[in-house]
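Chain and residue survey
Below, each chain spelled out in residue letters.
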Amino acid sequence: MARRKGCLIGCAVAGVLGIGLLVALLFGVGKVMDVAEKTLVDQKVYESVSVGDSEAEVRAKLPSGESFVTSALKGGGPAVPAGSQCSWYLSDSGNGDTVLRFCYKDGKLAEKADYRVE
């Protein structure tokens, strides 16, 4: 009888841990999908915009960019143009380490840059 209780308790603990692991896995997948949805930009979109384009037009083609990954993308690139506000994204080119930066000033795209992050 004591062995059965021990087995039941052990099985219950294993079940709870298994469910916890499944929840953590789903949460992690959700975070990855969140990053993809908010920070990945198609290379064709990057190429389709030009310096001088309206900021509103350019931003309408881009995802929100609001993600925990964004702060990590800001380092290592060329200097931000003076007086501009920039947004950072990941390229969906497949290599995962190409950053696309769009900088705006006076309502226009002032600069776009792509660079590799280490």
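The sections below set out a description of the structure shown in this document. (Residues numbered from 1 in each chain as written. Predicted model: local features only at pLDDT ≥ 70, side-chain atom pairs only at ≥ 80, totals over all residues. Heavy atoms only, no water.)

1. A few points about the overall build of the protein
Within the protein one finds four helices and four strands. When the elements of the protein are put in sequence order from the N terminus, they spell out α-β-α-α-α-β-β-β. Within the protein, residue pairs in contact and separated by at least 24 positions form 51% of the contacts whose partners lie at least 6 positions apart. Carbon and sulfur atoms provide 62% of the accessible area of the protein, an area that totals close to 7700 Å². (Helix = DSSP H or I, 4+ residues; strand = E, 2+ residues; numbered from the N terminus. Contact = heavy atoms within 4.5 Å. Areas by Shrake-Rupley, 256 points an atom, 1.4 Å probe, with all protein chains shown as cover.)

2. Things to note about the pairing of strand 4 (residues 108-116)
Inspection of the sheet shows strand 3 (residues 98-105) paired to strand 4 by eight bridges, in the antiparallel sense. Looking at the pairing, Val 99 lines up with Tyr 115 of strand 4. (Pairing = 2+ DSSP bridges.)

3. Re the sheet that holds strand 3
Strand order in the open sheet made by the four strands is 1-2-3-4, with mixed pairing throughout. Strand pairing shows two members of the sheet lacking a second neighbour, strand 1 (40-41) and strand 4, which therefore form its edges.

4. Regarding the nonpolar core
By size, the foremost hydrophobic cluster in this structure holds 10 residues: Val 41, Tyr 46, Val 49, Val 58, Leu 62, Tyr 89, Leu 100, Phe 102, Tyr 104 and Leu 109. For this core, the leading source of residues is strand 3, giving three residues. Residues in contact with Val 41, not counting those within four places in the same chain, are Tyr 46, Leu 62, Pro 63, Tyr 89, Leu 90, Ser 91, Asp 92 and Leu 100. Judged by nonpolar contacts, the second largest core, of seven residues, contains Trp 88, Leu 90, Val 99 and Tyr 115. (Core = buried A, V, L, I, M, F, W, Y, C linked by side-chain atoms within 4.5 Å. Buried < 20%, exposed > 50% of the residue type's maximum accessible area, 1.4 Å probe, protein only.)

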